[in-house]
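Report on the structure
Residues per chain are reported as follows:
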Amino acid sequence: MATRRQFIRISAMGAGAVMAGAAGLRLLASELTDGQKATLTALTGRTPTYCEVCFWKCAGWVYKDERGSIQKIIGNNEDLNCNGRLCPRGTGGVGMYHDEDRLRKPLIRTEERGKQSFREATWEEAFDYIAEKIKVISAEHGPECVALFTHGSGGKYFSTLLRALGSPHVAAPSYAQCRGPREVAFQATFGEALESPEPLDIRDTRCLVLIGSHLGENMHNGQVQEMSDAIDKGATIITVDPRFSTAAGKSKYWLPIKPATDLALLLAWINVIITEELYDRPYVEKYTYGFEYLKEHVKNMTPEWAYGITTIDPTVIRETAREMANASPAVIVHPGRHVTWYGDDTQRLRAVAILNALLGSWGRRGGFFRTETFELPEPPHPAYPTPKRSWRTEFPDLYKMADTVLANGVCDATVPDPTRACEFQAWIVNGTNLMETLPNQENTLKAIQALQLLVVVDTMPMEITGWADVVLPECTYLERYDDLRVGPHRKPQIALRAPAAEPLYDTKPAFYMARELAKRLGVIEYFPFETMEEQLDWQLKQVGSSLEEMKKIGVKTIDRPYDDLYFYPDEDVEFYTGTGKIELYSLAMEEAGYDPLPKYTRHEEPPEGYYRLNYGRAPMHTFSRTANNPNLTDLMEENSVWVNPRVAREWGLSTGQYVHLMNQDGKRSEFPIRVRVTERIRWDSVYMVHGFGHQEKKLRRSYGKGASDTNLITRVLVDPIMGGTGMRGNFVTFITDLAGEEVMS
Amino acid sequence: MRYAMAIDTKKCVGCSDCVVACQTENNVPIGFCRDWVVEVMDGTYPQLEIELRSERCNQCENPPCVRCCPTGASHVAEGGIVLVKPNKCIGCGACIASCPYDARYPHPKGYVDKCTFCIHRVREGMKPACVAVCPTKCMYFGDLDDPNSDVSMVLKKRKYKTLIPEAGTKPHLYFLI
Amino acid sequence: MNEELIISGRDNLMVDPHLHIWHWPIPLYLFLGGLAAGVLFFAALYYLMGKENEYRSAVRRVPFIAPIALVIGLTALFYDLRHKAFFWQLYTTIRLESPMSWGAWTLLVITTASFIWCALHIREFFPDWDWKYNWLRELETFFNKYKKHLAWVILIFAIITGVYTGILLSAFNARPLWNTSVLGPLFLASGLSAGAATIVLASKNREERLLFTKIDLIILGVELFLIVHMFMGFLASTQVQIEAAGLFLGGEYTMVFWIFVVMLGIIIPGVLDLMELRGRHIPAVIPGILVLFGSLMFRFVFVFAGQVSRWLY
């Protein structure tokens, strides 16, 4: 008979058993999650690399988890590009490796271009196909009609291949679509181009002027780091931008300039600095040529004159000019990076160069330092054949001051033209999504359709791959060796890229591809080493190191032969210009038939109901390359169009609404874009981040998300001096009725 | 020992490196994040002000998430850090609802996850992944009880604030303003 | 203009764009738990008052709903767990600061007690029931002997069950809509009224029905009073509380709250109850169903709206 006592005893025993069992299991419960335990084990064993996500090439270390899967990438502490800290794209580089949408096998087109019908092929088939076609084209038209577009480390090998064949046509879109005008402008003024990374002594500057640079949203790693150092040291930042950028948010002065009028502001600053005699007199007298011409030229370009054009108060113009001069020579008027805006960009950058020269910042601490680089021996090979002709010989009067092949030039010269002797017949495209890079997509397509051969080498199925005849799947930078990075910086450094993992799927490095093609095209002697390991070890041994050593340290710093980071006081510096001095008045430009001193020209303004299309960067993305990266789309998966609240009220727009944009030529955005109503943008412009609106369905994560600004850039303002493609002359209006269209974002 | 973090809003550029670094360090699944970046914008063009903050679990001294946990999975560990024992968590979601900062999230594996101040790194003498990666070096981490630690020094020099102090959680995440 | 945005794309499942970690299983359990609590409360109360034969339905028959409701409710709760294999951890510890821990243990007790209570009254539905095994028959005798003690246990734990869910929600100061001490009594009142309504629906005895209609009416009045009190509290409190109250005063949950919860769930059945008491014969099924519906909707609305209310962004 169950008594109360027994009942309680039974229950107590039962409960006790449960609790004892639980206590035992409790001991097994750990407080670290699997992820945290994995990272601790991953900290042993690392591979050196340098990043390929953007062009900065920060050196770092790759870590894998206990299953050998790439888990984490961090910066190399010795690297001057990154000082041990990678930017979000570099940190997110693991996503490039793990992205399931990666290209996996070589593809050969089966139907017409654009139909996206490919069949998988073996590497041998693909190489044979390409080699055959190139042989035919070389025989019929000449090897010069084969061109390479590159924005990746692999371009080095295809470039060797082309030059071995006799073609000089290696084009980097980063020239005429990006930094070209400033290279020409600085070359004309100081006798040398700026290259990457720019030799800016931001960490020691006392005044940083950002005109056309949105540092902090554009994530030039070392520069953002140094800007933070400068803020710590109390440097003044002056930002000129029609938009309230992140940098503007950290600036002492933000000049909300009317778009397309920057040149007037620069000339007014030069006017104030000359009129009030704020320039570095000894520096100007010793190192510059043409001061008197300049003084005469800017005589009437007063702040009051500039006020009417730029809407910047003349008091502010004077104050900021004085602030700059006060900081001189530790002042930087930042040359910007993507400067192809309105077609007069070379002249605008000339004004920037001139301003820097007047302030005495070139070659001084806190201004522009003198970079030092390092020469690595090239693998021994026969001399390259001289090309029988080149774009320069065929078009002597065009873009006279351009000194590199223009990507848009090659594109234009591929579109059949009866007045021209010949066209480009074959393109090899490596690591650049030409559809989003070159403005005027219609023109790019016309050129592509006229090609006999289009080979695309890429890691992802970007839009350009859909138009290819042969798609060669490249393995990511984490899966291969590449040439050593030899960067110009305060101290020369060599950085090694070694593979952290075997190439996934059936992907291969560009070195292998170029070599196999060289074999078939009879120019293998230009690739004396069979593997990159052999080449690297040979090169490193020539300079007193070895592959083994580099694998352990990742980055090797070489001391500067002289302590000449800055000019010595009274140093007799020879500049590589015609006069041997800094040419405020450019004789080179005068000789070529262009204005030797910058003049302000008025640019077209948006018509009623239209707004200037301004585009820029976000710090978590780069180009259109990262839009599918899982780690980075987690941060930002679509762009939005910034609309001023006054404009939004007029149109009845609210944040979160999706609209189409249509430009002045009637071109409509392919996908709708999300609206962000914000005070950060002027009422005459809209703003969006570049790199979204992917039309390629194989990019499953990014297809249809956001809109592409390149889509809407149909009007291209070409700079006559060097062929740069100005892209900010397009205006858009809103189409609010989506007509039942599905929004994919 | 009281661990704390300070973020300098004057230097933060909102790049979100802290978010990706945390993700790769702690195997945070794609689609989830343990920390995030907030932009606060105020004013009318052109009189504008912006504040950028990197936020995460505040490792509160008075944590509502520990109080409401029915199994004790959510607990306070060394240095005042709040941790979750995955094998004690039943996935009821109470702690997620109890956090005024929305700092916790349900991990696909079932348990609740959040920022741990990278305690596994801190124990080895390293800084949390977000602090170690930040390109602007605007993040400081250390022991509040050590007057010479990074975070103590910077809190002495600068003005700072915490988020919703009126919620009574006594957070350990400070924002230098 | 002021913008406060998360710019790193945070999109945590069930946390963004606003908290939605608790879906239908939770309000369903809250309703069933409250219903069971109400039913068991009245059963125990009237048994202890010696009225078990006068109010047969209330004390002996209607309680059969309780174990069913509790089992369904517990199943819903279990289904909602995201780490189900470890649910037993709930019973390895009692955490006094966690209302959910009290709840876990209370439910253990009340569910067991309700099964026992129903087992004791199984002959209301199966007059010839035989327990077959000796140990079961002995248990029956045992519990019949200590029925009063059992009733006290049920009375106390029924109140705890009815009120703890409100306390649980009100302890979340992170959700301003829940952070009111009125919520505990309000949940209890709602549960009791649901219990009373069920008794009215099931009872075949006119006196019993009238009594519980009266009780229901009083409780509905108390509920209304508490709701008004709650809004007064919100509107006199901090900014986040004012915004939370705004969800029901023009916000997205306005219609659903005032029509389904207040109008259909409290006022109309209240009026109908009053009419019934004044002699107008109303089919008992109408106010009964409406009260139950209102009780269910109240929990749905509060759980969903509470997750929308927030401090930040």
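Residues numbered from 1 in each chain as written. Chains lettered and ligands numbered in written order. Predicted model: local features only at pLDDT ≥ 70, side-chain atom pairs only at ≥ 80, totals over all residues. Heavy atoms only, no water.

On a plain count of helices and strands, chain C comes out with eleven helices and one strand. Here chain C has a C-alpha radius of gyration of 21 Å; the compact-globule value for 313 residues is 20 Å, and the two agree. Judged by the C-alpha coordinates and their principal axes, chain C covers about 75 × 55 × 25 Å. Within chain C, the fraction of its 313 residues that count as buried is 54%. Counted over contacts in chain C with a minimum sequence separation of 6, partners at least 24 positions apart contribute 76%. Surface exposure of chain C reaches about 13500 Å², of which carbon and sulfur atoms provide 70%. Each charge sign in chain C was given a centre, from 23 positive and 21 negative side chains, and these centres are 8 Å apart. (Helix = DSSP H or I, 4+ residues; strand = E, 2+ residues; numbered from the N terminus. Rg over C-alpha atoms; globule rule 2.2 N^0.38 Å. Buried < 20%, exposed > 50% of the residue type's maximum accessible area, 1.4 Å probe, protein only. Contact = heavy atoms within 4.5 Å. Areas by Shrake-Rupley, 256 points an atom, 1.4 Å probe, with all protein chains shown as cover. Lys, Arg positive; Asp, Glu negative; His and termini not counted. Charge placed at Lys NZ, Arg CZ, Asp CG, Glu CD.)

Residue and element names in this part refer to chain C. Put simply, helix α1 (residues 25–48) and helix α7 (residues 183–202) touch, their axes get as near as 7 Å, and they point 65 degrees apart. One finds that α1 runs roughly perpendicular with respect to α7. Relative to α7, the crossing made by α1 is right-handed. Facing Leu30, Gly34, Leu35, Gly38, Val39, Phe41 and Phe42 of α1, the residues of α7 in contact are Phe187, Gly191, Leu192, Ala194, Gly195, Ala196, Thr198 and Ile199. Across the contact of α1 with α7, the residue classes break down as ten nonpolar, five polar and no charged. (Axes fitted to C-alpha atoms, helices over the stretch in contact; angles between N-to-C directions. Parallel < 35°, antiparallel > 145°, perpendicular 65-115°, else oblique. Left-handed = near helix turned anticlockwise from the far one by under 90°. Nonpolar A, V, L, I, M, F, W, Y, C, P; charged D, E, K, R; others polar.)

Residues and elements named next belong to chain A. Most of strand β27 (residues 731–735) sits out of view: four of its five residues are buried. Pairing analysis gives two bridges linking strand β20 (residues 611–616) to β27, with the strands arranged antiparallel. In the strand pairing of β27, Arg612 is matched with Phe731. Pairing of strand β22 (residues 658–663) with β27, which is carried by four bridges, proceeds in the antiparallel orientation. The residue of β27 that forms the bridge with Asn663 is Val732. (Pairing = 2+ DSSP bridges.)

This part covers the sheet that holds strand β1 (residues 3–8) of chain B. Residue and element names in this part refer to chain B. The strand order across the open sheet formed by four strands is β8-β1-β10-β9, and the pairing between neighbours is mixed. Of all the strands in the sheet, just β8 (139–143) and β9 (160–161) have a single pairing partner and so form its edges. Pairing geometry for β1 and strand β10 (residues 173–176), over four bridges, is parallel. Bridged to Ile7 within β10 is Phe175. Along the sheet, helix α6 (residues 150–157) contacts β1, β8, β9 and β10; its crossing angle with β8, the most-contacted strand, is approximately 115 degrees.

So, about the environment of Phe300(C). All names here are of chain C. With respect to the secondary-structure elements, Phe300 resides in helix α11 (residues 285–308). Phe300 sits in the partly exposed class, given a relative accessible area of 23%. As for Phe300 and Pro25, which are separated by 275 residues in sequence, their C-alpha atoms are 9.6 Å apart. Leaving out residues up to four positions away in the same chain, Phe300 has contacts with Trp24, Pro27 and Leu28.

Moving on: the interface of chain A and chain B. Every contact between the two is made by 55 residues of chain A and, on the other side, 57 residues of chain B. Between chain A and chain B, the buried area comes to about 4300 Å², and carbon and sulfur atoms account for 57% of it. Along the contact surface separating chain A from chain B lie five salt bridges. Between Glu39(B) and Arg676(A) there is a salt bridge; the shortest N-O distance is 2.6 Å. Counting every contact that joins chain A to chain B gives 20 residue pairs in polar contact (both at pLDDT 80 or more). Elements with a contribution of two residues or more to the side of chain A that touches chain B: α1 (4–28), α2 (34–42), β3 (70–75), α3 (88–91), α8 (221–232) and α23 (630–633) of chain A. Examining the composition of the side of chain A that touches chain B, we find that eight residues originate from one element, α8(A), more than from any other. For the side of chain A that touches chain B, a count of residues per class yields 25 nonpolar, 17 polar and 13 charged. (Buried area = accessible area lost by both parts, 1.4 Å probe. Salt bridge = Lys/Arg side-chain N within 4 Å of Asp/Glu carboxyl O. Polar contact = N/O pair within 3.5 Å; in protein donor to acceptor, adjacent residues only side chain to side chain.)

The next point concerns the pattern of salt bridges. Evaluated as defined, the whole model comprises 82 salt bridges over all chains. With a shortest N-O distance of 3.0 Å, Arg102(A) and Glu479(A) are connected by a salt bridge. Here Arg102(A), found in the loop between α4 (93–98) and β4 (107–109), pairs with Glu479(A), found in the loop between β15 (470–473) and β16 (485–487); they are 377 residues apart in sequence, far enough to count as distant. The residues Arg102(A) and Glu479(A) share a single accessibility class, namely buried. The partner of Arg480(A) in a salt bridge is Glu474(A), with the nearest N and O atoms 3.2 Å apart. The same class applies to Arg480(A) and to Glu474(A), which are both buried. Connected through salt bridges with shared partners, the residues Glu52(C), Arg56(C), Arg60(C), Arg61(C), Glu124(C) and Lys147(C) form a single ionic network.

So yeah, pure geometry; function would need other evidence.
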